[in-house]
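# Reading the structure
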Amino acid sequence: MNTEELRGAFRRRYGGDCRVFFAPGRVNLIGEYTDFNGGHVLPCALSQGTYMAVRPRTDGQLNLFSLGYPDSGAAAASVSGLAYNESAAWRNYPLGALWALERRGCPICGADMLFAGDLPTCAGLSSSASIEVLTVFAFNTLCGPGLSLADMAFVGQEAENGFVGVNCGIMDQFAIAMGRRGKAVFLDTGTLEYEYVPTVPPGAAIMIMNTNKRRGLGESKYNERRRECEAALRDVSCAAPVAAWGAIDEAEFDRLKVNISSPTAMRRAQHAVSENTRTVRAAEALREGDAAALGRLMTESHASLRDDFEVTGFELDAIVSAALAQPGVYGARMTGAGFGGCAVALIDEARVDSFAKAVERAYAEKTGLCANVWRITAGDGPMEVIE
Ligand code: GLA
């Protein structure tokens, strides 16, 4: 992203100078649907993300425009009385972040804002959490409430839960706020303890594969999955006190699962428990630089998300199969909330170009859709861009 162009676009739209802020997107290597189950996650921030050119106003007015959605026009809101409005579309993310800041008692000012970015949207790379954390970070700098990066993640999550209405866990906002170049964040969402581990074993590369099937129904299905996990937990709690699915291992789950009344809810919980175990093992594999072990765990994760959690779908399954059929692949899985969007593969670094072409070809033959496949590196968290 050329931030000079962004500054120029700001000048043309609002006149005068601005400050520019950035927040990354994220890709989750493994640990899917474990965050609201008190389990582990292993995401990393991307070097792609979202930018905001901004200048404070003294009249409390909030002007929002995005170069990515020029047809959605300019829209204004006020710092007092922020409320979700379906027709505000993408603007609900920055407005929700400001609402969540106000709820925390952080004073916010009016502002002229111009957004741009290089993340595909509705693709499982957390473009919405990126805007939320970006907005919190920028206003934390402009208005000075002095939040820590971890606090910014929680404010971003509050925007999603309380304003947008998606009952997400903390993974996306945490990975974005705490991102570090070359590192993945191994987070225990039960205790909020975290550790940085290398993103990729030596000699291997991480590839993102965008199915270009936009995630449909994601929000309602997401909340449904969360309710199913909670219902299963309530059922077993009659037999034994289990705080969260992330708190028990598979042997304990096997003992307790007879108490779960719905077979569907049982499979959801089965995924949450097995995925947590895989994620802990994946962090070990990264520490040890074991690409083969990590790849196997990723492929098992996809099978569990397909069969037990049922959040994959034709396109994600097709692209993962295409990836697994290539020479030099260690493993592949869907990433993010699923129902379309992106998958991630771990491959031999020497195969990056041939892998990308072969997967795009095989996926097009199977689905008639064009995929985009590219290599990623882990980037830093939010920052002010000074040039
Ligand atoms: C979305 C949510 C996260 C997490 C993932 C699934 O990205 O925002 O909190 O639950 O789905 O792992």
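This is a predicted model, so every value here is computed, not measured.

In the neighbourhood of the ligand, the contacting residues comprise Arg26, Glu32, Tyr33, Asp35, Cys168, Gly169, Met171, Asp172, Tyr222, Gly336 and Ala337. In the model, an oxygen atom of the ligand is placed 2.6 Å from a nitrogen or oxygen of the tyrosine 33 main chain. Within the side chain of tyrosine 222, an N or O atom sits 2.5 Å from an oxygen atom of the ligand. Contact with the protein chains hides 93% of the accessible area of the ligand, taken as 310 Å² for the molecule alone. When the residues that make up the shell around the ligand are grouped by side-chain class, the tally is 5 nonpolar, 2 polar and 4 charged.

Looking now at the side chain of threonine 135. Here threonine 135 lies in helix H3 (residues 127–143). Sequence-distant contacts of threonine 135, defined by excluding residues within four places in its chain, comprise Met52, Pro94, Ala97, Leu98 and Phe115.

What follows concerns unusual backbone geometry. Non-glycine residue serine 126 carries a positive phi angle of around 65°. Tracing the backbone through its elements, the reader meets serine 126 in the loop between strand E5 (110–117) and H3. A positive phi angle, close to 60°, is found at asparagine 212, a residue other than glycine. Within the element layout of this structure, asparagine 212 appears in the loop between strand E8 (204–210) and helix H6 (218–237). Overall, asparagine 212 belongs to the partly exposed group, its relative accessible area being 38%.

Rules behind the numbers
- Residues numbered from 1 in each chain as written.
- Predicted model: local features only at pLDDT ≥ 70, side-chain atom pairs only at ≥ 80, totals over all residues.
- Heavy atoms only, no water.
- Near = heavy atom within 4 Å.
- Polar contact = N/O pair within 3.5 Å; in protein donor to acceptor, adjacent residues only side chain to side chain.
- Areas by Shrake-Rupley, 256 points an atom, 1.4 Å probe, with all protein chains shown as cover.
- Nonpolar A, V, L, I, M, F, W, Y, C, P; charged D, E, K, R; others polar.
- Helix = DSSP H or I, 4+ residues; strand = E, 2+ residues; numbered from the N terminus.
- Contact = heavy atoms within 4.5 Å.
- Buried < 20%, exposed > 50% of the residue type's maximum accessible area, 1.4 Å probe, protein only.

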